[in-house]
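# Examination of the molecular architecture
The primary structure of each chain is shown beneath.
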Amino acid sequence: MALAEELERSGNWLFRWRGYLPLLALAVLMLGLRHYRYLDDSPRLDDAWELACLLVAGFGLGIRACVIGFVPKDTSGRNAREQRAVSLNTTGLYSVVRHPLYLGNFFVFLGTIGFVHEWWPATACLLGFCMYYERIMFAEEQFLRARFGAEYETWAAATPAIVPNLRAWKRPDLKFSPRNVLRREYNNAFSVVLAMFLLDTASDSVAEHRLDPGHWWLYALIAGFVAWMVLRTLKRHTEWLRVEGR
């Protein structure tokens, strides 16, 4: 099998199972907490660091929201098993970078792995992320090249893969839809809160030598879970979050 075919094949396989990458990363990060200590032995400084990590992850979620709020149906979706696109996105964030959702994922991932502030688990997770998504992006681009031909080639030639060129910005074709964001991103948002709660509880428990779930993160987890349940119910049992053409 030619290397390009192997990369595409493995990229499609990873695309299908990409939701499990965070679980693998979380396991590695947990291993890195065995000898955890607060930054400069200061719980307050450690809390400030965790807040900074949350802001970085929130920035990544914001990028994803800016993509999903503008895209039409059957593009940039949470397709579980196969590549799918009925049209080529070339406006909004897609006018400045070819893979804005994965750029958002990078910041979400960076904020989460930064919680541990240990070099080896963070480096291992970051390298794994790059290798994982490099193949997924390759497979996606092969699919889009075959699906849209010259239209894709023209857009890809002018648009960087992952580092945005903000000067190339083009206004989105559709209006922003908050309901589309809520319908498609509530799982991601809650996953970030849950991961950070688990990492905070584990790290504080190691540092304090006792089970120590942080109160603020516990409140955030409860609020996040309630929001997750409400949005999940609205999505499954009502039409309130559905937007025509999205």
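Above this text is the structure in question.
Here the structure is a predicted model, which is why all the values come from computation and not from measurement. For every chain, the first residue of the written sequence is number 1, and numbering continues from 1 onward in sequence order. Reporting in this predicted model follows two pLDDT cut-offs: at least 70 for local features of residues, and 80 or more for side-chain atom pairs to be given and counted; totals over whole chains, interfaces and linings ignore these cut-offs and use all residues. Heavy atoms throughout the structure, all of them, feed into the side-chain values; hydrogens and water do not.

## Quick notes on the packing of aromatic side chains
Aromatic ring pairs: the centre-centre distance and the angle between the two ring planes describe each pair. Stacked, tilted and edge-to-face are the three classes applied to pairs of Phe, Tyr and Trp rings, where Trp contributes its six-membered ring and a pair requires centres within 6.5 Å; stacked means planes under 30 degrees apart, edge-to-face means over 60, and tilted covers the rest. For the coordinates displayed, the defined rule picks out 16 aromatic pairs. On the numbers, 5.0 Å between centres and 85° between planes, the contact of F59 with F107 is edge-to-face. With F59 in helix α3 (residues 43–68) and F107 in helix α4 (residues 100–113), this pair connects stretches of sequence that are 48 residues apart. For F59, a relative accessible area of 48% translates into the label partly exposed. A helix here means a DSSP run of H or I that spans at least four residues, while a strand means a run of E at least two residues long, and both kinds are numbered starting from the N terminus. Classification of residues uses two cut-offs on accessible area relative to the type maximum, computed with a 1.4 Å probe and protein chains only: under 20% is buried, over 50% is exposed, and between them is partly exposed.

## Let's talk about the layout of surface pockets
Unoccupied space between atoms shows up once a probe the size of one water molecule is rolled over them. As defined here, a cavity is a set of points on a 1 Å grid over the protein atoms alone where a 1.4 Å probe fits but cannot get out. A pocket is an open set with protein on both sides within 12 Å along at least five of seven lines, and residues line them when an atom is within 4 Å of a point. Grid points are joined across faces, edges and corners, and a volume is the space filled by probe spheres set on the points. Volume-wise, the second largest pocket comes out at about 360 Å³. Around the second largest pocket sit 15 residues that line it, and D47, E50, D200, W216 and W217 are the ones nearest its centre. When contributions to the lining of the second largest pocket are tallied by element, the ones reaching two or more residues are α3, α7 (178–208) and α8 (215–237). For the lining of the second largest pocket, the leading source of residues is α3, giving five residues. Here the lining of the second largest pocket is composed, by residue class, of seven nonpolar, two polar and six charged. Any residue that is not Ala, Val, Leu, Ile, Met, Phe, Trp, Tyr, Cys, Pro, Asp, Glu, Lys or Arg is counted as polar, Gly included; the first ten are nonpolar and the last four charged.

## Points about a nonpolar patch on the surface
Every patch collects residues that have over 30% relative accessible area and no salt bridge, joining them within 9 Å if they carry like charges and within 5 Å if they are nonpolar side chains (Val, Leu, Ile, Met, Phe, Trp, Tyr). Exposure was quantified through the Shrake-Rupley algorithm and a 1.4 Å probe, taking into account, for residues, occlusion by the shown protein chains and nothing else. Salt bridge, as used here, is a side-chain nitrogen of Lys or Arg placed within 4 Å of a carboxyl oxygen of Asp or Glu. On the surface, W216, L218, Y219, I222, F225, V226, M229 and V230 cluster together into a nonpolar patch covering about 820 Å² of accessible area. Tracing the chain through its elements places F225 in helix α8. Residue F225 is classed as partly exposed on the basis of its relative accessible area of 40%.

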